[in-house]
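Working through the structure, step by step
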Amino acid sequence: MTSVEIEYCVPCGFLDRAEQLQHALLEQFGDRLDRVALVTGDHGVLTVTVDGERVWDKSEDEFDPDLVLRRVRPHVD
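A brief report on the enclosed structure follows. (Residues numbered from 1 in each chain as written. Predicted model: local features only at pLDDT ≥ 70, side-chain atom pairs only at ≥ 80, totals over all residues. Heavy atoms only, no water.)

Considerations on the overall build of the protein chain
To keep it simple, the criterion reads: Only DSSP runs of H or I with at least four residues qualify as helices, and only runs of E with at least two residues qualify as strands; both kinds are numbered from the N terminus onward. The globule rule is 2.2 Å times the number of residues to the power 0.38, and the radius of gyration it is compared with is taken over C-alpha atoms. For every residue, the accessible area (1.4 Å probe, protein chains only) is compared with the maximum for its type, and the residue is labelled buried under 20%, exposed over 50%, or partly exposed between those bounds.
Scanning the protein chain for helices and strands turns up two helices and four strands. Listed N to C, the secondary structure of the protein chain is β-α-β-β-β-α in terms of helices and strands. A compact globule built from 77 residues should have a C-alpha radius of gyration of about 11 Å, and the protein chain, at 11 Å, falls within 12% of that. Taken along its principal axes, the extent of the C-alpha atoms in the protein chain is 35 × 20 × 20 Å. Considering the protein chain as a whole, with its 77 residues, one finds that 40% of them fall into the buried category.

What to know about the packing of aromatic side chains
Let me state the cut-off plainly: What counts as a ring pair is set by centres within 6.5 Å for rings of Phe, Tyr and Trp (its six-membered ring), and what kind of pair is set by the plane angle: stacked under 30 degrees, edge-to-face over 60, tilted for all other angles. When the NZ atom of lysine or the CZ atom of arginine is within 6 Å of a ring's centre and also within 35 degrees of its normal, the charge is said to sit over that ring.
Under the definition given, this model contains one aromatic pair. Ring centres of Trp 56 and Phe 63 lie 6.2 Å apart, and the angle between their planes is 70°; this geometry places the pair in the edge-to-face category. The class for Trp 56 is buried, based on a relative accessible area of 1%. Positioned over the ring face of Phe 63 is Arg 17, at 5.4 Å from the centre of the ring.

This is the structure we're talking about:
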């Protein structure tokens, strides 16, 4: 099964965005995911990692849950 981690900056207030991504991933992929974990961070971080491989980073891409789903999909299907 696939494991996803969403690391988000606590001081930046990115919890809402992290929860939005988590919800979208669980809604889209459901029982095909082993877990979707929220990991606290700082320094402006907001990243999505699938089985240890970073697939999306706020510092490189716009915040777009659909883009994140497209990046995660090849690791799940």
